[in-house]
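Report on the structure
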Amino acid sequence: MDPSHQKHFTVVDYVIFGVLLAVSVGIGLYHALSGGRQRTTQEFLMADRSMSCLPVSLSLIASFQSAVAIIGVPAEIYTHGTQYWFIGCAYILGLLIPAHVFIPVLYRLRLSSAYQYLELRFSKAVRICGTLAFIFQMVVYMGVCVYTPAFALNTVTGFELWGAVLATGLVCTLYTTVGGLKAVIWTDVFQTLVMFAGQLAVIVVGVQQTGGVSEVWRKVWEGNRISALDLNPDPTERHTFWTLGVGGVFLMLSLYGVNQAQVQRYLSSRTEKEAVRSCYMVFPSLQLALALSCVMGLVMFARYCGEDHSDKLGTSSRDAIVLYFVMDMLQGLPGLPGLFIACLFSAALSTISSAFNSLATVTMEDLIKPHFPAMTEARAILLSKALAMSYGLLCLAMAYLTHLMGDSVLQVALKIFGTVGGPILGLFCLGMFFPWANSTGALAGLGAGLAVAFWVSIGSIVTRSSSTLPVDCRAILPPDNTTAAIQTALSNATMSRPSGLKRFYSLSYMWYTAFNCFTVILIGLIISFLTGPMKEEDVTPGTMYPLFGKVLCFLPEHLKKKLCCVTPLGETLSAQPRQPPQHKENNGLAFPQEDGPSQGETDSFLPEAHTPFVERETAV
């Protein structure tokens, strides 16, 4: 960026930014020195299963509302209009289904890692494959989360790029390593409040400097940035109601239903009801966060419509212009630029701290403990902290690679979740809803899902062609030219529409999760039936959700028993506990008791592991 156009921080801005980092570290140190002092893996990784619904719900928001969303959503609205706002419709089912399907199943099994479920339902090989897929997904996504705010800050203010990356990564690594999940959740609460305050300050000042609410509305209306409901069923259209409202549901399920970073928060709740309540409490806050980001994009358009700032920024990136707008609006108001930068880095810190802790958990519970069941608690906690620190350093390395990606940060982030999160969601759905699915089918389905996912993603990158709406206030044409313009646009669209394999590659990134999820389920079921479907009595109790029993409630009981698993969740287990299939014995899974594990309790085998499930069912 041309130094003459760069905005500069004042001392007050640096102080506010420094206070954010200091408070985050302070919360981590407080939890390192208080309570149980993070001396057990149960406290470090699961917060002693003692969290109430309010901090858990705010932490769930902070984990999802990353710097990618705070920069990416306003840039999307500024460039393409408000069509993206319809993703708010997906939040309804995207949170109701996890609350009433995934949380009851996973919470009652008293797991530490969501991927322990895959071994209970299928086999150890499926668990390891699911864990490795999750680790890959989160490591790549962490790089995007760390690099995004640092790059924008560097572009607009000249702030040292790698200084910002290191500050974010090292501070986050420090408080995650010393404070455990409790520190992560409570820093998320603080950082969520900072995020909302920063966005609100920008919107209020931006509206005032643009000429008021009526002037903002006039400019965005004349600039054709208020999008109507687009019911076009074409799956290659980037954003329509169907891609956002339906495809978005599957994206939300992959995030709030089976992603370890979110599941770990549910499992840290005191009771199942608290976990479900925290999921409900996320909905209004997510809608507020989405609304603030979208309104910020509209105010930005009203302020800059018809102006090209790429020469000032030295880049055509729409993501960088978001921070330029913020610094331009807040320049001369000491402290407010620092508040928004604190907001931006709060979002980054909350997301990557969740990633560090969840990655340490799955690595410890799914890859290390099963092979070293006799490991002492002291050594396990030391290793857990070392893992959190290692992932923090790996995150810095991934940030270095992120700038090579050409899409907007929002699109890159959602592609990552769709490419890997879709097959993982499909694997859990295959296990919970289809009693016939076996281990072989699950492995084949996951392999096929990942292969197709990467094929489509790489194909879309190779054949990508950039197309954005011109950012111009004068988008509406005079009436006499409207018909001619529409005819020209339609003919151009027909001529430029890809065909064959290119059309397959142009599938909207919002459909990636759903497409990859159904690929896993379809291939998994086909292979399961070819290799011998699993019988209902061989399925580990408590691992099924009776979906077909509820959907096909009108069928006679004997037909339902032939077609599907009709046992209500937990009923068989509490009525008559039975031994799991032979291949699942002695698997080294850890199921802590209600009051937390003592040394030696964390290595209980599967038959004993069901005891707390029965106790929890009775208590609820």
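Attention in this report is confined to the structure presented alongside it. (Residues numbered from 1 in each chain as written. Predicted model: local features only at pLDDT ≥ 70, side-chain atom pairs only at ≥ 80, totals over all residues. Heavy atoms only, no water.)

What about the overall build of the protein?
Test applied: Here a strand is any run of E in DSSP of at least two residues, a helix any run of H or I of at least four, and the numbering for each starts at the N terminus. Burial classification: accessible surface area is computed with a 1.4 Å probe over protein chains only, and a residue below 20% of its type maximum counts as buried, one above 50% as exposed, and the rest as partly exposed. Whether two residues are in contact is decided by their heavy atoms, any of which lying within 4.5 Å being enough.
Secondary structure summary: the protein contains 27 helices and zero strands in total. Taking all 620 residues of the protein together, the buried fraction comes to 59%. When contacts within the protein are restricted to residue pairs at least 6 apart in sequence, long-range pairs at least 24 apart make up 86% of them.

Some remarks on the pattern of salt bridges
Note the following rule: We count a salt bridge whenever a side-chain nitrogen from Lys or Arg sits within 4 Å of a carboxyl oxygen from Asp or Glu.
Applying the stated criterion across every chain yields a total of 11 salt bridges. For Arg 108, the salt bridge goes to Glu 272, with nearest N and O atoms at 2.8 Å. Of this pair, Arg 108 sits in helix α5 (residues 90–108) while Glu 272 sits in helix α13 (residues 272–304), and the two are 164 residues apart along the sequence. By relative accessible area, which is 6% here, Glu 272 ends up buried. In this structure, the salt-bridge partner of Arg 277 is Glu 274, at a minimum N-O distance of 3.5 Å. Of the two residues, Arg 277 and Glu 274 both sit in helix α13, three residues apart, roughly one turn of that helix. Since its relative accessible area comes to 40%, Arg 277 is described here as partly exposed. If you follow the salt bridges from partner to partner, you end up with Glu 215, Arg 218, Lys 219 and Glu 222 in one network.

Focus: the state of the cysteines
Operational definition: By convention in this document, the label disulfide applies to cysteine sulfur atom pairs within 2.5 Å.
Under the counting rule described, the total for this entry stands at zero disulfides. Sulfur of Cys 429: no disulfide; nearest cysteine sulfur belongs to Cys 517 and is 4.5 Å away. Classification of Cys 429 as buried rests on a relative accessible area of 8%.

Some points on the packing of α5 against helix α11 (residues 247–256)
Put simply, the rule reads: To define axes, lines are fitted to C-alpha atoms, for helices over the stretch in contact only, and angles between the resulting N-to-C directions are given on a 0 to 180 degree scale. By definition in this entry, angles of less than 35 degrees are roughly parallel, angles greater than 145 are roughly antiparallel, angles of 65 to 115 are roughly perpendicular, and the rest are oblique. A crossing counts as left-handed when the near helix is turned anticlockwise from the far one by less than a right angle, and as right-handed when that turn is clockwise. For this classification, the nonpolar set comprises Ala, Val, Leu, Ile, Met, Phe, Trp, Tyr, Cys and Pro, the charged set comprises Asp, Glu, Lys and Arg, and every other residue, Gly included, is treated as polar.
Contact geometry for α5 and α11: axes closest at 8 Å, N-to-C directions at 40°. With respect to each other, α5 and α11 are oriented oblique. For the pair α5 and α11, the sense of crossing is right-handed. Residue-level contacts link Ala 90, Tyr 91, Leu 93, Gly 94, Leu 95, Ile 97, Pro 98 and Phe 102 of α5 to Gly 248, Val 249, Met 252, Leu 253 and Tyr 256 of α11. Its residues placed into classes, the contact of α5 with α11 shows 11 nonpolar, two polar and no charged.

Things to note about a nonpolar patch on the surface
Put simply, the rule reads: Every patch collects residues that have over 30% relative accessible area and no salt bridge, joining them within 9 Å if they carry like charges and within 5 Å if they are nonpolar side chains (Val, Leu, Ile, Met, Phe, Trp, Tyr). The Shrake-Rupley method, run with a 1.4 Å probe, gives the accessible areas here. Residue values count only the displayed protein chains as cover.
A cluster of nonpolar residues, Ile 92, Leu 93, Leu 96 and Tyr 280, forms a patch on the protein surface that exposes about 350 Å² of accessible area. Looking at the nonpolar patch, the element that brings in the most residues is α5, giving three residues. For Tyr 280, the position within the fold is in helix α13.

Topic: α5
Going by this rule: Here, expected helix span is obtained from the residue count minus one, scaled by 1.5 Å. For a residue, the bend is simply the angle between two axes, fitted respectively to the seven-residue segment ending there and the seven-residue segment starting there.
Taking 1.5 Å per residue as the helical rise, α5 with its 19 residues ought to reach 27 Å, and the 27 Å between its terminal C-alpha atoms agrees with that figure. Taking the largest bend as the criterion, α5 deviates by roughly 40°, centred on Phe 102, and proline Pro 104 comes between one and four positions later. In terms of residue burial, α5 counts as a mostly covered element, since 14 of its 19 residues are buried. Phi turns positive, to about 55°, at Arg 110, one or two residues after α5.

Notes on unusual backbone geometry
Residues other than glycine seldom take positive phi values, yet Arg 110 does so here, at roughly 55°. Relative to the helices and strands, Arg 110 resides in the loop between α5 and α6 (116–121). Owing to a relative accessible area of 1%, Arg 110 belongs among the buried residues under this scheme. Despite not being glycine, Asn 224 shows a phi value in the positive range, around 60°. The residue Asn 224 is located in the loop between α9 (213–222) and α10 (241–245) in this model. For Asn 224, a relative accessible area of 45% corresponds to the partly exposed category.

Some thoughts on the packing of aromatic side chains
Rule in force here: Centres within 6.5 Å are what make two rings of Phe, Tyr or Trp a pair, Trp counting through its six-membered ring; a difference in plane orientation under 30 degrees is then read as stacked, over 60 as edge-to-face, and the rest as tilted.
Throughout the structure, instances matching the rule amount to 16 aromatic pairs. Measuring from centroid to centroid gives 6.1 Å for Tyr 304 and Tyr 324, while their planes differ by 40°, and the two rings are tilted. Placement of the pair is Tyr 304 in helix α13 and Tyr 324 in helix α15 (residues 318–330), with a sequence separation of 20 residues. For the ring pair Phe 433 and Tyr 545, a centre distance of 6.3 Å and an interplane angle of 75° mean the geometry is edge-to-face. Highlighted residues: Phe 433 in helix α18 (residues 409–433) and Tyr 545 in the loop between α22 (512–531) and α23 (547–551), separated in sequence by 112 residues.

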